[in-house]
Every structure is written in C-alpha cells, then in structure tokens.
Amino acid sequence: MLLSLNSRGQYYAMQEMDSIAVRASNDIVVYTPAGYNKTDVKLLIGGIEQTVLQDNPNNYSESRYTIVVDTAGVYDMLIKCRDKIIFRKRIYTKNIPVPKVSLAGKYNGKMLSSIINKQTGLYCDTMNSYLGYKVSSFTLIKIDNDSKKTIVFNEGESFNEKALNAVNNAVSGDLFFLRKIMVSCDADKTPRQTNDISIAI
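The structure presented is a predicted model; accordingly, all values stated were derived computationally and were not measured.

Chemist: How would you summarise the overall build of the protein if you had to cite specific residues and measurements?
Modeler: Regarding its fold elements, the protein presents two helices and 18 strands. Across the 201 residues that make up the protein, the buried fraction comes to 40%. Restricting to contacts in the protein with at least 6 residues of sequence separation, those with at least 24 account for 61%. Summed over all atoms, the accessible surface of the protein reaches about 11400 Å², with 48% contributed by carbon and sulfur.

Structure below.
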C-alpha cells in the first residue's frame, strides 16, 4: 500500500488495498507531508503504533513499514501528524488461503504403481507459490493388498526412509492415505492443515 498527500493536504491511496493477510508481512509506504518531518508522522493499526522498518535515504519523505497482524478481523488504520489524525482507513485482515497438496498431481483416485514408485515427496500446488508454502509434516498410511497396515509420520516435504520404502515398493491393490498434512511458509510460520489424499494402486 502506498499512501501520499494530495494538493489539498489529504491522504489518498495511490494503490488501493482494503485487506491485508494475517501473519504475513504486509508492506506499507507512507510519504511525509510537506512542512513536516518524518518524526511527526505516526502510523497506527488497531490503535498500536507501528515501527518504521526502513527509511529511504534517497527520499526524505518516504517511510516503509511492515505490518504483521495475528488475527483476522477489522482494524482502523490511522496516520497522525503531530498527534492530529489526517488519514483514516478501515482495513480487513484475512487468512492466507491454504494451498492444496498432491501426490504426483493427484488428490484422490487411482495411480499406476510405476508412477507412485518414482515419487520422492508431497508438494504444494502453485497457488500462492510466491509465498513459498511447503509441506511441514504428514502421516502416510499404507494398506497392502494382504491388509497389512504401515503408518509413517514424516517431517518435511521429502519422504523419509520409511515413507520412501512404502511408495517405492507399492504394487497393484495397495492403498495409500495421507492424513494430517500440514503446510507453512516464511510469511505464515504456524503450520496449517490442508487436504487429505487417498490413492489406490
């Protein structure tokens, strides 16, 4: 979000944004009005004064903030100049959509043993790929065609030795269930559960 001052001395949004993402780093740039110093300007979100992340040495009026909000809801964003409110905007905070995870591009259904035998892990779909979401953990359940059950807890997106052994040796008639798949990213470090996967070989 970029905020500047127009000729009437009122703030306006140069780049309209009515919502920001929960637990993500949201960048806001504020330009100091003429006749004021940067130290005269304060940015508040939900009544909490924000800290300037970085000043632009090439622009005496530009201040950059990184806003992180922990919960979804409605907040008032205020800009004060010498303790006088000169800008007010209501913003909505929303959870980042959780990406789906697939095994060889499948969420459910049948898969050839020759395909699953080559898999090395679970990976997030490309939605919100710029956020760098990755699988943080999951539970793999394999039921052989003779009803023998194997349960493997796996940390990270790559299969550990036991999970790799289970998929590498899969044959026709085996069933795979991937449960409690958790994903996270740098902007949203708290692991969040996504879709289950059920595959029949």
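Picking up where we left off.
Chemist: Help me get a handle on the environment of N169, residues and values and all.
Modeler: Within the secondary structure, N169 is located in the loop between helix 2 (161-168) and strand 16 (175-185). Sequence separation of N169 and S114 is 55 residues, and the distance between their C-alpha atoms is 9.8 Å. Ignoring anything within four residues of it in the chain, the contact list for N169 reads N117, K142 and D174. A distance of 2.8 Å separates the side chain of N169 from the side chain of N165, its partner in a polar contact.

Chemist: Tell me what's going on with the pairing of strand 16, and back it up with residues and numbers.
Modeler: Both strand 14 (residues 134-143) and strand 16 contribute to a ladder of eight bridges, which runs antiparallel. Bridging across to strand 16, V135 finds its partner in V183.

Chemist: Mind laying out the sheet that holds strand 6 (residues 48-49), listing which residues take part and the relevant values?
Modeler: Hydrogen bonds along the backbone pair up the strands of a sheet, which may run parallel or antiparallel. Taken together, the five strands give an open sheet; going across it, the order is 3-10-9-5-6, and neighbouring strands pair in mixed fashion. Looking at which strands have only one partner, the edges of the open sheet turn out to be strand 3 (19-21) and strand 6. Of the pairings in the sheet, the one linking strand 5 (residues 41-45) to strand 6 comprises two bridges and is antiparallel in character. Each residue of the ladder has a partner; that of L44, found in strand 6, is E49.

Chemist: Outline the environment of V171, supporting the account with residue identities and numerical values.
Modeler: By secondary structure assignment, the location of V171 is in the loop between helix 2 and strand 16. Owing to a relative accessible area of 41%, V171 belongs among the partly exposed residues under this scheme. Through-space distance from the C-alpha of V171 to that of N145 is 8.3 Å; in sequence the pair is 26 residues apart. When neighbours within four sequence positions are excluded, V171 is seen to be in contact with S113, N145 and I201.

Chemist: Can you break down helix 2 residue by residue, with the values?
Modeler: Listed in full, the buried residues belonging to helix 2 are A163, A166 and V167. For helix 2, the angular spread of the buried residues around the axis is 90 degrees, confining them to a single face. Put simply, N160 is the residue that caps the front of helix 2, since its side-chain oxygen is 3.2 Å from the backbone nitrogen of K162.

Chemist: So what's going on with the side chain of T93? Residues and values would help.
Modeler: Mapping T93 onto the fold places it in strand 10 (residues 84-94). Using a relative accessible area of 5% as the deciding quantity, one classes T93 as buried. A polar atom in the side chain of T93 sits 2.7 Å from the backbone nitrogen of G73. Beyond its immediate sequence surroundings of up to four residues, T93 is in contact with I20, V22, V69, T71, A72, G73 and Y75.

Cut-off values and rules
- Residues numbered from 1 in each chain as written.
- Predicted model: local features only at pLDDT ≥ 70, side-chain atom pairs only at ≥ 80, totals over all residues.
- Heavy atoms only, no water.
- Helix = DSSP H or I, 4+ residues; strand = E, 2+ residues; numbered from the N terminus.
- Buried < 20%, exposed > 50% of the residue type's maximum accessible area, 1.4 Å probe, protein only.
- Contact = heavy atoms within 4.5 Å.
- Areas by Shrake-Rupley, 256 points an atom, 1.4 Å probe, with all protein chains shown as cover.
- Polar contact = N/O pair within 3.5 Å; in protein donor to acceptor, adjacent residues only side chain to side chain.
- Pairing = 2+ DSSP bridges.
- Arc of directions from axis to C-beta.

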